Structures are given as C-alpha cells and as structure tokens.
Amino acid sequence: MREVVIDVNYWKCFVADRLMGAMGSPSRFALPGAKPGDHEMYAAHMASEVRKRVTSCVRTVDVWVPKPVQDNDLWDTSIGMHVAASVRGIKAGNSTMVSR
C-alpha cells in the first residue's frame, strides 16, 4: 500500500490561490459553466474554511479554520484531487488539470 503525507494547509493555500487567480491564467483552477449558480453547492463548500495567518517565533504560516456548521466535503476532495495530480506528475497549467 502506498501512502502520501501532505501539508494540508499548504495545499489549501495552493488551491485557493488558483481559484482566485486571474482569468485566463494558465495556472487558474476554474470550473465550466455559464450561468450563475451552476456551481453554487461547490462554491459553498470551497468557502467553508477561512485562511488565518499565524506567526510563531520560528515562522509564519497560513492555517485554515472551518466555519461553524458548514459542509466542506467538496473542498477536501478538491485538495485531494490536486495532491493526487501532483503525485502523478501533473503540473498546474496542464490542460488535464485546468478548465479553459
């Protein structure tokens, strides 16, 4: 059995930064759909946690804190999808990872 150990906060920042990237950017993570509301449930899950910057005496990192009583299954699944793509060698900007 193969095991992958990841820094979840790093990957959540990675995905969030790509979701908020400039339209047309090759590393932007976007979903197909032309109508408002096409991905309403997905968007709610993606907004289910808040990024907080935490500083210790050693370093500063962004951690993700869940909002109370919000589903985040699709957020976690998106993180896992990006990790799996990375493990398989797929890079951001590859047409198999980014919708255009």
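Here the structure is a predicted model, which is why all the values come from computation and not from measurement.

Focus on the nonpolar core
One broad trend across soluble globular proteins is that nonpolar side chains are buried collectively.
Right, on to step 1. In this structure, W11, C13, F14, V15, A16, F29, Y42, M46, W64, W75, I79 and V83 together form the largest nonpolar core, which totals 12 residues.
Right, on to step 2. Residue assignment for this core shows that the elements contributing at least two residues are helix 1 (8–19), helix 2 (40–46) and helix 3 (73–87).
Right, on to step 3. If sequence neighbours within four positions are ignored, V83 has contacts with V4, I6 and W11.

Here we look at the packing of aromatic side chains
Right, on to step 1. Summed over all chains, the structure comprises 4 aromatic pairs.
Right, on to step 2. Between Y10 and W11 the ring centres are 5.3 Å apart and the planes differ by 90 degrees, which places this aromatic pair in the edge-to-face class.
Right, on to step 3. We classify Y10 as partly exposed; its relative accessible area is 45%.
Right, on to step 4. What makes W11 buried here is its relative accessible area of 12%.
Right, on to step 5. An aromatic cluster is present here, built from Y10, W11 and F14 joined pairwise through their rings.

Concerning the pattern of salt bridges
Two side chains that carry opposite charge are able to pair once their charged atoms sit near each other.
Right, on to step 1. Per the stated rule, a full pass over the model turns up 5 salt bridges.
Right, on to step 2. The shortest N-O distance in the salt bridge between D76 and K12 comes to 3.9 Å. With D76 in helix 3 and K12 in helix 1, this residue pair connects regions lying 64 residues apart in the sequence.
Right, on to step 3. The shortest N-O distance in the salt bridge between R53 and D62 comes to 2.8 Å.
Right, on to step 4. Given a relative accessible area of 13%, D62 falls into the buried group.
Right, on to step 5. The network of salt bridges with shared partners includes D17, R51, R53 and D62.

Some remarks on the pairing of strand 1 (residues 49–55)
Right, on to step 1. In terms of strand pairing, strand 1 meets strand 2 (residues 60–66) through 7 bridges, oriented antiparallel. Bridged to T55 within strand 2 is T60.
Right, on to step 2. The antiparallel pairing of strand 1 with strand 2 creates a hairpin that spans 4 residues between the two strands.

Cut-offs and rules
- Residues numbered from 1 in each chain as written.
- Predicted model: local features only at pLDDT ≥ 70, side-chain atom pairs only at ≥ 80, totals over all residues.
- Heavy atoms only, no water.
- Core = buried A, V, L, I, M, F, W, Y, C linked by side-chain atoms within 4.5 Å.
- Buried < 20%, exposed > 50% of the residue type's maximum accessible area, 1.4 Å probe, protein only.
- Helix = DSSP H or I, 4+ residues; strand = E, 2+ residues; numbered from the N terminus.
- Contact = heavy atoms within 4.5 Å.
- Phe/Tyr/Trp six-rings, centres within 6.5 Å; stacked < 30°, edge-to-face > 60°.
- Salt bridge = Lys/Arg side-chain N within 4 Å of Asp/Glu carboxyl O.
- Pairing = 2+ DSSP bridges.

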